[in-house]
Structures are given as structure tokens and as C-alpha cells.
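# A look at the structure
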Protein chains: 2
Amino acid sequence: MYALDRLVAPEIGELLAQRRFDQLRAALLEFEPADIAELVDNLEQDQAALVFRLLPRDLATDVFSYLDSDQQQNLIAHLGTERVAALINELDPDDRTALLEEMPAEVAQRLIALLTPAERSVTQSILGYPEESVGRLMTPDYVRVKPEWTIAHAMDHIRRYGRDAETVNVIYVVDEVGALIDDLRIRQFLLADPQQTVESIMDRKVRALAATDDREEAVRQMQHYDRVALPVVDSRGILVGIVTADDVADVAEEEATEDIQKMGGMEALDVPYLDTGFVPLLRKRGGWLSVLFLGEMLTATAMGYFEGEISKAVVLALFIPLIISSGGNAGSQACSLIIRAMALGEIKLGEWMRVLLREVASGLALGALLGAIGVARIVFWPARAKLYGEHYLLVAATVSISLIGVVTFGTIAGSMLPFILRRLGFDPAAASAPFVATLVDVTGLVIYFSVAALMLHGTLL
Amino acid sequence: MYALDRLVAPEIGELLAQRRFDQLRAALLEFEPADIAELVDNLEQDQAALVFRLLPRDLATDVFSYLDSDQQQNLIAHLGTERVAALINELDPDDRTALLEEMPAEVAQRLIALLTPAERSVTQSILGYPEESVGRLMTPDYVRVKPEWTIAHAMDHIRRYGRDAETVNVIYVVDEVGALIDDLRIRQFLLADPQQTVESIMDRKVRALAATDDREEAVRQMQHYDRVALPVVDSRGILVGIVTADDVADVAEEEATEDIQKMGGMEALDVPYLDTGFVPLLRKRGGWLSVLFLGEMLTATAMGYFEGEISKAVVLALFIPLIISSGGNAGSQACSLIIRAMALGEIKLGEWMRVLLREVASGLALGALLGAIGVARIVFWPARAKLYGEHYLLVAATVSISLIGVVTFGTIAGSMLPFILRRLGFDPAAASAPFVATLVDVTGLVIYFSVAALMLHGTLL
């Protein structure tokens, strides 16, 4: 579907190699900024700067806002100061914030110094909000009108200021001090009588984000109210900016990616997998892997306590991986379910008891299912007596009872860990499948050998 | 933030209990449809129908479109046929499709019979597209204009037909047979001279979805082009509908939820966790859990082959959980990374070789890291000779070499399985952490005991 990337890229490469810049420029102008950005992202550094310089200034700014941050940094290094100054002054404030957030601090400072006083003041006020806050996402370029204006007056105003606004799909009504009173869709202006006042089409139902809200709140409200833009107010209710659906969709995607990576048992990457350097990739993975390994060492310690039992009944060792993995798998299901439901706001912290009861019941049922399969496997296996010894029925009972215990423990651990982490102020997504599996492995061994001690006392043990 | 849910719900409950319906209606009218829907969702069936009947008809339709499908079904059962007929005729076609998809087939048929011929024809054509296709998401309510019209004529047309359209933020230009030529933002009309033609503001750059595209394609394009709506065309290029950002955001959220649940090692739920019945929940989890259990039984078979080694050197058994879990953890990291990168389109099927090389290198490095920690643990442990016997150095070497092998195998399995599944036409997200762990457990045992046989031959074995 992205024609430029798949079909035209080789042709573009050829025009570039033959230095036929006029034709190249003409070819590029056929495409959407997002497509040109995808092409530039895939070029080598020098070539990217060459192609970028061919673009008319307005289009260049648009294309720049769609580039990967790597390529943005490269272009800033390759373009002259004058071009860079023009570029970052023309970027929309929200795109500029995103760029500055990704830059090394000293580059960011140098770029801010290139801004005009007006743009610098806008940017510094946005950067004054905490990281990952709604304030960092917003743009101050919106259209605002007064309630006492006529629709005709408001439409004139929209025509005058709409060109530079991020959107004219929603128009904001403010009072004389700038406090937000209402948000109106452009459709309401188009359908109204020009002589009516703005006030007459207001319903004064308006939901605003606070600039200091976590950006996930923007995702939730955008989803809840099905809006294309939401207003942002400061603590006094003064309208300070808007966030638009495209920015919020990016946040939702990033947050889901972070959750998935954390649930896989690692730190979240800041950039796409293939763009992450080998060393940062190892660091993000090695840290958690080592922590889990240290935790998993407790299994060796636990096994040390049961060394005597194992040497007496080696048959017990055969089922260790089966039993502890089943607990881990059940735990992985439970924690994935709960973490996602929490992220979507379907489950609140106070509902832990309801979840616990449900998961205990699920764990018992699922454990019984696996236990039954386990018993069948041992009892109906042709070589049962040879493999598992004469006490194979007792072994089957031990395995089956242990499975119920371990699977139930796994579902409890997997479902409650996200609640505990959240209660302690951590991200519930840190309750990764490997984390739960490690917890369950250690406990699972203790459950298994305790059941074995009870069941096999006097026979195998 | 959702004031109605958190603060006003008890008060609403009281008004309801006291049957003070006028005050209740007045209280409800203060809120947004999405908030009223959230309140109704949390009421008992009878009360929900009571509250719903109080709402003015237009608002009721709006509120209905925000309700959970459970509550929608309940209201359809509780409201009279006349009211149901009015309601479903007034629903936007995209919301109506979503409703009918969730209904049992016989209820859906009965509802379709209640539609006016015009609405029925619209709905049946939408339902004619495959499930999970773009066609199912679209609405045919958009505004289209002709290139030869003046802006003034087009604005009149927008005013006349805009009221019933899903959006007027984007206006579509079609030729005389209805083929899509361009999409224009409402801003372009507002800023243009009324005497200009529509053609004069066109750039003829338009990206359309095909009605038969998978709905994930809508997510990708909406993300790529930062639009609030995308046009949908049939195979002849005729404009048949539009999809809007809010519907696509719902799809993106659902797809991420499905992926997370599958990656947790279960079938994706169709409805939120707390709304899923106990039996369906068990079925979705029990199926995969049993399959994984059957796979994991191979570990018992593998262990059976090494029973002799274990009885000779029980110390070997101590490290089994540690070694196989480390492989599973490394695999879980790799498969989470790759599945998500694939879902976002960052990695294409053809890039498997690049990923493989990267993951082999990562696996060797991470395995070496864990191996080093493992050696340190054994060699510097105070009771090493007592716990691990006189050949503790050989045991340490065995564990460490096995870790390198198992972790490398885990990263290879975790990263390549999504490619293999996708190549075979399955969902890469089925490569869950538990699935990878099961694969790695079996192979890990074989690696461990093979290394042990080599290293400990003549001493412990």
C-alpha cells in the first residue's frame, strides 16, 4: 500500500545515483509526506540529506515531522545552521517537543537557542511539564472563540487563524480570562445560522485533560469520548493547548509496545527493535535475565534440600520440569489477562478480591484438568511399571495432586502480582511471564516434594 | 475524570430507588453520552432499561452506541419492538454493524427485519464483507462533492448533507461514476475563495483502503498518514464508505489485547476479562494449557532417557530447573520483541536472516553472562564441596556451557517461531512465552545432559 517504499524506491535510488535531481524532485512531489519520510528513513545519511534538500520548504517541514528520530538527528547534523533554524521554527510545537525529547541535551540546547523568542517561549513552557505528561503532547496552535460572538464573526476568525492551527475540526470557546467553557465541532458552526451567537450552540459539556495528567489519561479519555482532539487546561482551568487523535494513537501504540516488552521479561526499548543498538539491546535484556537467573537459583537451593529424596526415588526427578512449567504457564495466562485488563481500565485496584476468587476457582479447575491428563499418561502408558516402578499409582497420585497445587498457585501468583506491583506504585506490566514462572518454579518444587513426602512415605521415600 | 461513574453514580442510584424520574432525567442530561453509557453499563438489567427509557430519543441512540454488547443485548430484549426498531434504524451504520456482529444469529436476523429497506440494504452490503475486514468497519455516511463545483456550491452541499454524515472534517471528491479522486480537509474549503472550483484546491494525492483489506491495514494506514478518516473503495475504485479514527483506535486496542492474551499462552477473549463467563474463560485457557502440557510431557520422556545419569550424579538434577528456565526466559524476551515489531510492521518476513544473526549473537552473549554468574555461584559458594561434590569445577563448567547453549537455543526459537508461524499463515502472536518455554525445556534437557555426558565422562558419569 505504501507505494513509494515498495515500488518506487529502486527508481528513486537510480535517479539519485545519476544525480538527476530535477526528475527526482518531480517524482517525490507525487507522494504524501509520510511516504517521502519512509523513503528518506531508509536512505544512507548523506543521501538522506541530499534528498531532503531537494524538497520545497513547507513539504520538507512536513516530511521531517514523520521521520525516525535517528534520521532527524542525522539531518540536523548535515544541514546548515540556517536551514536547521528555519526547519525547527516551522515545526509544529508538538512535533518539535518530540524531536527535542529525543536529542542529546547539548544538541537540544543548541536547537532551542535557534528558535525565535515567541517559539522558544512556547517550547520551554511545554518542556516545563513532566516527561510522559499530557503537557508534553499538546500543541498550543488551536482556534478559540468567545461565547458572545456571532457565528459569522467566529467563522471569520476561524478562516483567519485556521491556517496555522493543528486542527479546525474542533473549535474551543473561552471566557475573557482564557478559561475553557466549551468545545464545538466545526460542523456545528457550518450548520448554524450566521446571525446566531456562539453561546446559542453551546451545551457547556466539555471534558478537558489537565496538563500534568499522565499521557495514558489522554489515551483513556480519547477512547472513552471518541474525540478527534481534547482540550488541555492548567490548574486554574485556563486552556493551554490541545492534544489530537494522531498523537494519542502514537502514545497508545507505544504504551502497548512497552507493556508487551515488559511482559516478555525485559526493559522496554525506546526505539524499534532493528534500530536498537546491539549493546543497549543486551543491556535491556541482560539486566532482567540476570535478576531472574538469581531468583531461579533458589530452585537449585530448594532442590538441594530434596537431594536425599531424589537419590531414593529418581522417578520423582522425571516430573520436575513438567510440573513447574505447568504452573508457570498457568501463571503466564493469568498475568497477561490481568495486566491487559488493568491497562484498559477494565479492572480497578479495589477489585482484587473478585479476581482472586475467580482465579482460585480457575486454577483448581485447570489444575484438575492437567492432573487428569497426567494420571492418564502414567496409568495408561505401556511401559509404566518399567519406567515409573511398581508404585506407579502412587507416583501418578503425587503428580496429579502436585499439579493441582502448582497450577492453582501459578494462577494466584500471576493474577495477584500485578495488583501488588500497582499497589506499591510499580508498573503492573513488570509482572512478566518469566517473573511469574520463576516465582512458581521455586514454590512448585516445594509443593511437589511436600506432596511426595506425604504420599510416598513408607514406599518410595 | 469520568465524573458520572465515580461521584454521581450513588446519587443516581438513590433517585432511581426513590423513583424520582424527572430529577433523574435532568441529572443525566448534564453528562456526555459516553458517561451515561458507563453508568448504564454498571446497572442491573431492569434498572438499565428504566434509565434508558428516560433518555430523549436522539441521546438514547448516542448512548446506546457506547454501551457494552451485553447491555445492548439486554436492552433489546427489554425494550418494545417499536422502540427497538426506531433505535436500530437511527444507529450509525458502523455502530449497527458492530451490534449485529455481537448478537446471536437469530436475534440479528430479527433486527435486520426491523430495518427500513434503505437501511437494510446498507447494512446487508456492509455485512457482506468478510469478518475483520475494513468493509465491516466503514460507514457510508460521508459527504462527497464533484471537482467542477465551486467552493460555494460545495459548502452549501456540506451544510445540507453534513448533519447526517459521520464526519465533515474530511470531504471526498468523486467523479461522475463515484470513483474516488481526492480527499480534502474541511479547512481547505474554509480557507478557499468561494468562487474557486473544488478542482483548484485538489492535489489528487489520496490513499484509500480496499473494503476487503484486513482491518489491521486500516490501523497501519491511519498511523502512517496521521488522518482522522480514510476513504474505502471497492475493487473498481468506487468510494463505498469511510473509516474514522475512533473506530480504528478501537481496532488497534483490540488487536493489541488479542496479541497480549495469545502471547500469554491462551486463546484471545472476545469480551473483557470480568465479563467473560467462567466456562468460556476456562475453555480459552484450558485448551492451550493442555496442549502445552502434552508438549511438556516430552520432558518426562527425555528425563527418562537420562535416569541412569541422574541416579549416578544426583547433583545434575539440582540445576535442571535453573537451566531450562533460563532458556525459556531468554526465548520469552526474544518472541515478545519480534511479535510486537512484526505487528507494528517494523520487521518484514524477508528480514528473518538479519534477525537470526542478531539473536544468535545476543543469545551467545546473554548465555555467557548467565554462565559466568552460574560459575561464580558454584565456585564461590561456601559449602560448594559438600553440596556439589569434589568435582564441583567440572559441574560448574557443565552448567555454564549448558547455559550458553540453552539460552542461545531459546533466543533462536523465540525469535524464529513468529517468522515460521507467519510464513505458514498463522498469527505470529501464537508464539507465546509458554509455547517457546515448552520447546526450550525439552531441547534444554537434551543439551544439558549431552554436555554433562561429555564433560563428566570418567568422573561423575
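### Focus: the domain arrangement of chain A
All names here are of chain A. As far as domains go, chain A holds domain 1 (3–133), domain 2 (144–252) and domain 3 (273–456). Measuring from the centre of the C-alpha atoms in domain 1 to the corresponding centre in domain 2 gives 29 Å. With six residues of domain 1 at the contact, the number on the domain 2 side is seven residues. Within the side of domain 1 that touches domain 2, the residues separate by chemical class into two nonpolar, one polar and three charged.

### Considering the sheet that holds strand β1 (residues 144–145) of chain B
Residues and elements named next belong to chain B. Spatially, β1-β2-β3 is the arrangement adopted by the three strands of the open sheet, whose pairing is mixed. Each edge of the open sheet is held by one strand with a lone partner, namely β1 and β3 (180–185). Where β1 lies against strand β2 (residues 170–174), two bridges are found, and the strand directions are parallel. The residue bridging Arg144 from the neighbouring strand is Tyr172, located in β2.

### Brief notes about the relation of the copies chain A and chain B
Mapping chain A onto chain B calls for a rotation angle of 180° and an axial translation of 0.0 Å; the resulting RMSD is 0.1 Å. The operation mapping one copy onto its partner corresponds to a two-fold rotation axis. Same-surface contact between copies: 100% of interface residues of chain A are shared with the interface of chain B.

### Points about the interface of chain A and chain B
The parts lose accessible area when they come together, and the size of an interface is often stated as this lost area. Facing 95 residues of chain A, the contacting portion of chain B comprises 95 residues. The greatest single-element share of the side of chain A that touches chain B, amounting to 16 residues, is contributed by helix α19 (residues 320–343) of chain A. The residue inventory of the side of chain A that touches chain B, partitioned by class, reads 55 nonpolar, 23 polar and 17 charged.

### Quick word on the sheet that holds strand β1 (residues 144–145) of chain A
Strand order in the open sheet made by the three strands is β1-β2-β3 (chain A), with mixed pairing throughout. Looking at the sheet topology across the chains shown, the edges are occupied by β1 and β3 (180–185) of chain A.

### Some points on the pairing of strand β5 (residues 229–233) of chain B
Regular strands have side chains that alternate between both faces of the sheet. All names here are of chain B. Burial analysis of β5 places five of its five residues in the buried class, which makes it a mostly covered element. Taking every second residue as pointing to the same face, both faces of β5 are buried, with Ala229, Pro231 and Val233 on one and Leu230 and Val232 on the other. Where strand β4 (residues 209–210) lies against β5, two bridges are found, and the strand directions are parallel. By the bridge assignment for β5, Ala210 is matched with Val233. Relative to strand β6 (residues 239–244), β5 runs antiparallel, the two sharing five bridges. Across the sheet, Val232 pairs through a bridge with Gly241, a residue of β6. Counting the residues in the hairpin turn of β5 and β6 gives five residues, including Gly237, whose phi is positive at 85°.

Here is what the cut-offs are and how they apply
- Residues numbered from 1 in each chain as written.
- Chains lettered and ligands numbered in written order.
- Predicted model: local features only at pLDDT ≥ 70, side-chain atom pairs only at ≥ 80, totals over all residues.
- Domains from an automatic or database assignment.
- Contact = placed C-beta atoms within 7 Å.
- Nonpolar A, V, L, I, M, F, W, Y, C, P; charged D, E, K, R; others polar.
- Pairing = 2+ DSSP bridges.
- Helix = DSSP H or I, 4+ residues; strand = E, 2+ residues; numbered from the N terminus.
- Least-squares fit on C-alpha atoms with pLDDT ≥ 70 in both.
- Buried ≥ 20, exposed ≤ 12 C-beta atoms within 10 Å, placed from the backbone.

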